[in-house]
Amino acid sequence: MEKYSCIECGYVYDPAKGDPDNGIQPGTSYTDLPASWVCPVCGAVKTDFTPEP
């Protein structure tokens, strides 16, 4: 599964780790994140993320 980085602050969403502090279980792909999910560091919206090279 692909990692995605926030264009605002550089936070990297890693599907292997998920975002447990916000109810996202490890193994959740970026595309399966709810539309309401935001960056846990800066609050940027999901569309402000780009795939990691």
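Because the structure is predicted, anything quoted here is derived from the model rather than measured.

> What am I meant to see in the sheet that holds strand E2 (residues 12–13) here?
What holds strands together in a sheet is hydrogen bonding between their backbones, with the strands either parallel or antiparallel. Read across the sheet, three strands follow the order E2-E1-E3 without closing on themselves; strand pairing throughout is antiparallel. Where the open sheet ends on each side, the last strands, each with one partner, are E2 and strand E3 (49–51). Bridge analysis of strand E1 (residues 4–6) against E2 gives two bridges, and the strand direction is antiparallel. The residue bridging Tyr4 from the neighbouring strand is Tyr13, located in E2.

> Mind showing me how you'd approach the state of the cysteines here?
Covalent bonding between the sulfur atoms of two cysteines is what defines a disulfide. Applying the stated criterion across every chain yields a total of zero disulfides. Unpaired in terms of disulfides, Cys39 finds its nearest cysteine sulfur in Cys9, a separation of 3.7 Å. On the basis of relative accessibility, which here comes to 3%, the residue Cys39 falls in the buried class. Cysteine Cys42 remains unbridged, with the sulfur of Cys6 as its closest cysteine sulfur at 3.7 Å.

> Explain the environment of Asp14 here, please?
Along the chain, Asp14 falls in the loop between E2 and E3. You can call Asp14 buried: its relative accessible area is 15%. Sequence separation between Asp14 and Tyr30 is 16 residues, and the spatial gap between their C-alpha atoms is 8.2 Å.

> Whenever I open this one, the side chain of Lys46 confuses me. Can you help?
Considering the arrangement of structural elements, one finds Lys46 in the loop between E2 and E3. Although Lys46 lies buried, it forms no salt bridge, and the closest oppositely charged side chain, Asp32, sits 7.4 Å away as judged by the N-O distance. A distance of 2.7 Å separates a polar side-chain atom of Lys46 from the backbone oxygen of Leu33. With residues near it in sequence (within four places) discarded, Lys46 still touches Tyr30, Thr31, Leu33, Pro34, Ala35 and Trp37.

Definitions and cut-offs
- Residues numbered from 1 in each chain as written.
- Predicted model: local features only at pLDDT ≥ 70, side-chain atom pairs only at ≥ 80, totals over all residues.
- Heavy atoms only, no water.
- Pairing = 2+ DSSP bridges.
- Helix = DSSP H or I, 4+ residues; strand = E, 2+ residues; numbered from the N terminus.
- Disulfide = S-S within 2.5 Å.
- Buried < 20%, exposed > 50% of the residue type's maximum accessible area, 1.4 Å probe, protein only.
- Lys, Arg positive; Asp, Glu negative; His and termini not counted.
- Salt bridge = Lys/Arg side-chain N within 4 Å of Asp/Glu carboxyl O.
- Polar contact = N/O pair within 3.5 Å; in protein donor to acceptor, adjacent residues only side chain to side chain.
- Contact = heavy atoms within 4.5 Å.

All quantities given are derived from atomic positions and should not be read as evidence of function.
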